[in-house]
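Descriptive analysis of the structure
Chain by chain, the residues run as shown.
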Amino acid sequence: LVEVDEQGLFNELARYPCCTTNASGSLPGDPLNLVLIGNADDLFTAFVRRGWHATEATYAGSVRKTVASYLFGERYIYSPISPLYALGRPQDIAFQKARGTIHQRNHLRLWLTPLRHRGKSVWLGQVSRDIGVKFTTKSKIGVTHMIDPDVDEACNAFVQDLLFSQGLVKIGYVKGGPLATDFDPARNLTDDPYFSDGLRAAMLLDKTDRPVREVQFFDWEHAPPHAKTRPLDLMVPAP
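Within any chain, residue numbers begin from 1 and follow the written order of that chain's sequence. Local features in this predicted model are restricted to residues whose pLDDT is 70 or higher, and side-chain atom pairs enter the listing and the counts only when it is 80 or higher, whereas totals over whole chains, interfaces and linings include all residues. Values reported for side chains reflect all heavy atoms of the structure, with hydrogen atoms and water molecules removed beforehand.

We now examine the packing of aromatic side chains. Only the six-membered ring of Trp is used, alongside the rings of Phe and Tyr, when aromatic pairs are assigned; centres must lie within 6.5 Å, and planes under 30 degrees apart are stacked while those over 60 apart are edge-to-face, with the rest tilted. Tallied over the full model, the rule gives 7 aromatic pairs. Seen in terms of ring centroids, Phe47 and Phe158 are 6.2 Å apart; in terms of plane orientation they differ by 55°. Their pairing is tilted. Pair noted here: Phe47 is in helix H2 (residues 40-49) and Phe158 is in helix H4 (residues 151-163), with a separation of 111 residues, a long-range link. On the basis of relative accessibility, which here comes to 1%, the residue Phe47 falls in the buried class. With centroids separated by 5.2 Å and ring planes inclined at 90°, the aromatic side chains of Trp52 and Phe158 adopt a geometry described as edge-to-face. Residue Trp52 is located in the loop between H2 and strand E5 (53-54), and its partner Phe158 is located in helix H4; the two are separated by 106 residues in the primary sequence. Exposed residues in this analysis have more than 50% of their type's maximum accessible area, buried residues have under 20%, and partly exposed residues fall in between, with area computed by a 1.4 Å probe over protein chains only. Owing to a relative accessible area of 2%, Phe158 belongs among the buried residues under this scheme. An aromatic cluster is present here, built from Phe44, Phe47, Trp52, Phe95 and Phe158 joined pairwise through their rings. We count a stretch as a helix when DSSP gives it H or I for four or more residues in a row; a strand needs E for two or more, and each element gets its number in order from the N terminus.

Among the 8 residues of strand E12 (residues 168-175), 7 are classified as buried, and the element is accordingly described as predominantly covered. A pair of strands is labelled paired if DSSP reports no fewer than 2 bridges between them. Relative to strand E15 (residues 199-205), E12 is paired through 7 bridges, and the arrangement is antiparallel. Its bridge partner being in E15, Leu168 is matched across the sheet by Leu205.

Our focus in this paragraph is the nonpolar core. Nonpolar cores were defined as sets of buried Ala, Val, Leu, Ile, Met, Phe, Trp, Tyr and Cys residues, with membership established by side-chain atoms within 4.5 Å. By size, the foremost hydrophobic cluster in this structure holds 24 residues, and its most contacted members are Leu36, Phe47, Phe158 and Met203. Breaking this core down by element, the ones donating at least two residues are strand E4 (34-37), H2, strand E9 (105-117), strand E10 (120-135), H4, E12 and E15. At 5 residues, the largest contribution of residues to this core is made by H4. Discounting residues that sit within four places of it in the chain, Phe158 has contacts with Leu34, Leu36, Phe47, Trp52, Leu108, Val127 and Met203. One finds Val4, Leu13, Val35 and Phe218 within the second-largest nonpolar core, a separate group that totals 20 residues. Any two residues whose heavy atoms approach within 4.5 Å at even a single point are treated as in contact.

Put into structure tokens, the structure is as follows:
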């Protein structure tokens, strides 16, 4: 474990890989666009408050339920997430927030890093939004979710969601990977296109209640205006 101050955290996070990979590390997958700073009780408290669920493991029964949900348009709040690799291993834990049907959900994968900041664990993450289910030969189970190509919007939506958990203490942005535009998108392991400004959002969490107006900022990178993304606005309107 390596304890780092704020500048050291920025430097270390910028060195982490841009993207997830396949098991062998030979092909890039979805971008690693998120960092969460918090111990398990900090994270789980915020997730429970905002309706996020841990996903099931991938096994025959969960695959059948996923396919049934796909065919009949039902919700499946514990639907499994396929393994992606970072730091030499598949995700340590995965969460999802179900929406109307199995076709639509927000999901995230987290990898525990050796870094610690303010005595809290540092997690490298990937968050995206599903917009459908497709059959594919690139998945071992023959079916996978398609992601919304605007991964920055999905990341901002996750930040805004955690704002209302009252557990968000501080937020900032750090360089995470190359720029990918909607005119020249990158692609993940199942050939879904995506575009991004190349920044990853870093959030410090605590289980102590904190109103939105008290959220602070890391003085790091500044997210540029994004024509395809909702701006992150922390301003609280006057009563």
